[in-house]
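These are the residues of each chain, in order.
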Amino acid sequence: MGILEDPAWRAAIRRRLEIDLLLGVGYVPLKLTPAGGSGPSPATRWRQDRPSAVPAASGTASARPAPPARSGVRPEMVQAVTAEELQERMQALKALDENRVRVCRSCKLWETRTRTVFGQGHAAARLVFVGEGPGYEEDQQGLAFVGKAGQLLTRMIEAMGLSRDEVFICNVVKCRPPDNRTPAPDEIAACWPYLDEQLRIIRPEVIVALGKPAAQTLLRTQESIGRMRGHWFEYYTSGSPNVGPPTPLMPTYHPAYLLRSPAEKAKAWSDLKQVMARLGLPVPR
Ligand code: SF4
């Protein structure tokens, strides 16, 4: 049976093309073999390019690499910490949320919020996404990135070969700014310690700052997102005694901006591929 007759291959290829389309990636690998036919077989070439994205074209079920999980946590995709360390981090995040964030009235955003939105994900995530602030859906549900922009972020995460359960997602401010306006400087300053504490607890290997407010806050700069995106920066936690080495930080466009400006999706995908390379994840060509 040829590759394209195999339902598993067809489903995997369709999913990959759909993700590429969503992200604005125009490249489609029509040619699977090198000219001259002296290289590896088509199936091998494809498998090498995308080792975890598609099953092998032939062989027993047990020999086939599994497609990337869309939910759940694979141990190799999060930090290798002991069960005790993971428990400590989970408890620290829970305490920060319940004892400080949920009761916070440090800026005027508490007056109009329905719920605080602490963020969610794995306490030992290798990758943390930081956005701007909760929108309507997030304010209603108390969860970060669950509206339309959140759905696009989910597709971006899945395109990286990860699931939402394997990363951590949060925002600079934990309460929704009215009418989804950009958080004011005093609101960011008031909420900033919570984000800093989250990052000190999780200690990710890479941070992705989604949009200008997140990037400017984390990097303490006024530079535009257009100039920052696609370049590596370093994030330094502000507190002690847990100040460690800086964390690599990649600014990119916010998913809400990408929904308004689809032509920019390819740039965001290019940024995420740099993140994948930094994390040692397979990077589609
Ligand atoms: S946005 Fe942050 S600082 Fe302001 S009230 Fe909410 S939790 Fe507190």
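Just above, that's the structure.
The shown structure was predicted, so the numbers you read here are calculated from the model rather than taken from an experiment.

S.K.: Describe the overall build of the protein chain, naming the residues involved and giving the relevant values.
M.R.: Counting its secondary structure elements, the protein chain contains ten helices and six strands. Partitioning the intrachain contacts of the protein chain with sequence separation of at least 6 by distance along the chain shows that 71% fall at a separation of at least 24. Of the roughly 13800 Å² of accessible surface on the protein chain, a fraction of 53% belongs to carbon and sulfur atoms.

S.K.: Which residues make up unusual backbone geometry, and what values do they have?
M.R.: Phi at Asn 180 is positive, roughly 60 degrees, even though this residue is not glycine. Inspection of the secondary structure assignment puts Asn 180 in the loop between strand E3 (168-171) and helix H6 (185-202). Assessed through its relative accessible area of 44%, Asn 180 is described here as partly exposed. With phi around 50 degrees, Arg 203 is a residue other than glycine that occupies positive phi space.

S.K.: Describe in detail the nonpolar core, supporting the description with residues and values.
M.R.: By size, the foremost hydrophobic cluster in this structure holds 62 residues, and its most contacted members are Leu 127, Phe 129, Val 130, Met 160 and Leu 218. Looking at which element gives the most residues to this core, the answer is H6, with eight residues. If we ignore the near neighbours within four places in the chain, the residues touching Met 160 are Leu 127, Phe 129, Trp 269, Leu 272, Val 275, Met 276 and Leu 281.

S.K.: Can you tell me about the environment of Gln 140, naming the residues and giving the values?
M.R.: Among the structural elements, Gln 140 can be located in helix H4 (residues 136-141). Taking the relative accessible area as the measure of exposure, Gln 140 reaches 31% and is therefore partly exposed.

S.K.: Could you give me a rundown of the side chain of Asn 171, with the residues and numbers involved?
M.R.: By the secondary structure assignment, Asn 171 is in strand E3. On the accessibility criterion, Asn 171 (1% relative accessible area) is buried. Here the side chain of Asn 171 touches Glu 132 through a polar contact of 3.2 Å, landing on its backbone nitrogen.

Procedures and definitions
- Residues numbered from 1 in each chain as written.
- Predicted model: local features only at pLDDT ≥ 70, side-chain atom pairs only at ≥ 80, totals over all residues.
- Heavy atoms only, no water.
- Helix = DSSP H or I, 4+ residues; strand = E, 2+ residues; numbered from the N terminus.
- Contact = heavy atoms within 4.5 Å.
- Areas by Shrake-Rupley, 256 points an atom, 1.4 Å probe, with all protein chains shown as cover.
- Buried < 20%, exposed > 50% of the residue type's maximum accessible area, 1.4 Å probe, protein only.
- Core = buried A, V, L, I, M, F, W, Y, C linked by side-chain atoms within 4.5 Å.
- Polar contact = N/O pair within 3.5 Å; in protein donor to acceptor, adjacent residues only side chain to side chain.

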